[in-house]
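Report on the structure
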Amino acid sequence: MPTATITDLIAAERQALATLLSGLPPQQWDAPTLCAGWRVREVVAHITMPFRYSPDQYLRELAEWQGDFDRMSDHCARRDAAVPVAELVAAVADNVHHPWQPPGGGYEAALTHDVIHGLDITVPLGTGRRVPEPHLIAVLDTLTARGGGAVFGTDLAGVELRADDLDWSLGSGEPVSGLAQHLLLAMAGRKLPAGLLRGNQAGRFSAP
């Protein structure tokens, strides 16, 4: 996909998230998300970390955790969750066109990051937001080309993920069906609320 198109999709995702967050009731900032142990405020702190940290700050944080990105990210998200809500919203809204790209991932990975973390917030909140089809197709194509669930260490052996709303499927075996955005979350290792996916193996991807 041309870079200009990808950056347009990224900007649209961030603008949609900023609009959602700006109208979120205070209590919902403490609501759980699909990122285990993170509330909405931790997820937003994580999403905006590339916008709020200089490259030097980022490298210092990473060095403190001996290069363990996952532990560093968790620490920073929990600490930065204390940033005032208005500042977190502004960090999204003011960086709709920020050129950040995950190391080695390019703009496709940046879009994937924004789409998945946006769903981490909107699905458990029950907002009903549907990620636009072009955004989903771009992300699903990117992940399929990079190994599907393997990108996240998700075991998809023995199942076929089959979208209801797009002409898309992945894998072979017992069919697990649902909205493409919910199948994307299953690929990403999230445990979804019960009832969002169907099939004999749907429980593998659903919360107890």
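So, here is what we can say about the structure in this document. (Residues numbered from 1 in each chain as written. Predicted model: local features only at pLDDT ≥ 70, side-chain atom pairs only at ≥ 80, totals over all residues. Heavy atoms only, no water.)

What to know about the overall build of the protein
The helix and strand inventory of the protein stands at 9 helices and 3 strands. If you list the helices and strands of the protein from N to C, you get α-α-α-α-α-α-α-α-β-β-β-α. In terms of overall dimensions, the protein is globule-like: its C-alpha atoms have a radius of gyration of 17 Å, near the 17 Å expected for 208 residues. The C-alpha extent of the protein, read off along each of the three principal axes, is 45 × 35 × 35 Å. Across the 208 residues in the protein, those meeting the buried criterion constitute 49%. For the protein, the proportion of contacts with a sequence separation of at least 24, taken over those separated by at least 6, is 60%. Carbon and sulfur atoms make up 54% of the accessible area of the protein, which totals about 9,800 Å². (Helix = DSSP H or I, 4+ residues; strand = E, 2+ residues; numbered from the N terminus. Rg over C-alpha atoms; globule rule 2.2 N^0.38 Å. Buried < 20%, exposed > 50% of the residue type's maximum accessible area, 1.4 Å probe, protein only. Contact = heavy atoms within 4.5 Å. Areas by Shrake-Rupley, 256 points an atom, 1.4 Å probe, with all protein chains shown as cover.)

Observations concerning the nonpolar core
By size, the foremost hydrophobic cluster in this structure holds 38 residues, and its most contacted members are Leu161, Trp168 and Leu184. Elements that contribute at least two residues to this core include exactly α1 (3–22), α7 (106–125), α8 (133–145), β1 (159–163) and α9 (180–187). The greatest single-element share of this core, amounting to 7 residues, is contributed by α7. For Leu184, the contacting residues outside a window of four places in its chain are Val115, Ile116, Leu119, Leu136, Val139, Leu140 and Leu143. Among the nonpolar cores identified, the runner-up in size contains 20 residues, and Ala31, Trp38, Val43 and Val92 belong to it. (Core = buried A, V, L, I, M, F, W, Y, C linked by side-chain atoms within 4.5 Å.)

A look at the sheet that holds strand β3 (residues 174–178)
The strand order across the open sheet built from 3 strands is β2-β1-β3, with neighbouring strands paired in mixed fashion. Each having just a single partner strand, β2 (169–171) and β3 make up the two edges of the open sheet. Taken pair by pair, the neighbouring strands of this sheet meet at an average axis angle of 15°, ignoring direction. Pairing of β1 with β2, which is carried by 3 bridges, proceeds in the antiparallel orientation. (Pairing = 2+ DSSP bridges. Axes fitted to C-alpha atoms, helices over the stretch in contact; angles between N-to-C directions.)

Here we look at the packing of α1 against α8
In the contact formed by α1 and α8, the axes pass within 10 Å of each other and the chain directions differ by 120°. It follows that α1 is oblique to α8 by the angle criterion. The handedness of the crossing between α1 and α8 is left-handed. Facing α1, whose interface residues are Leu9, Ala12 and Glu13, α8 presents Pro134, His135 and Ala138. Looking at side-chain class alone, the contact of α1 with α8 contains 4 nonpolar, 1 polar and 1 charged residues. (Parallel < 35°, antiparallel > 145°, perpendicular 65-115°, else oblique. Left-handed = near helix turned anticlockwise from the far one by under 90°. Nonpolar A, V, L, I, M, F, W, Y, C, P; charged D, E, K, R; others polar.)

Focus: the packing of α1 against α7
For any two helices packed against each other, the geometry comes down to the angle between their axes and how far apart the axes lie. Axis separation between α1 and α7 bottoms out at 9 Å; the angle between their running directions is 20°. Viewed along their axes, α1 and α7 adopt a mutual orientation that is roughly parallel. Along this stretch, α1 crosses α7, giving a crossing that reads as left-handed. Where α1 approaches α7, its residues Thr3, Ile6, Thr7, Leu9, Ile10, Glu13, Arg14, Leu17 and Leu20 are matched on the opposing element by Tyr107, Glu108, Ala110, Leu111, Asp114, Val115, Ile121 and Thr122.

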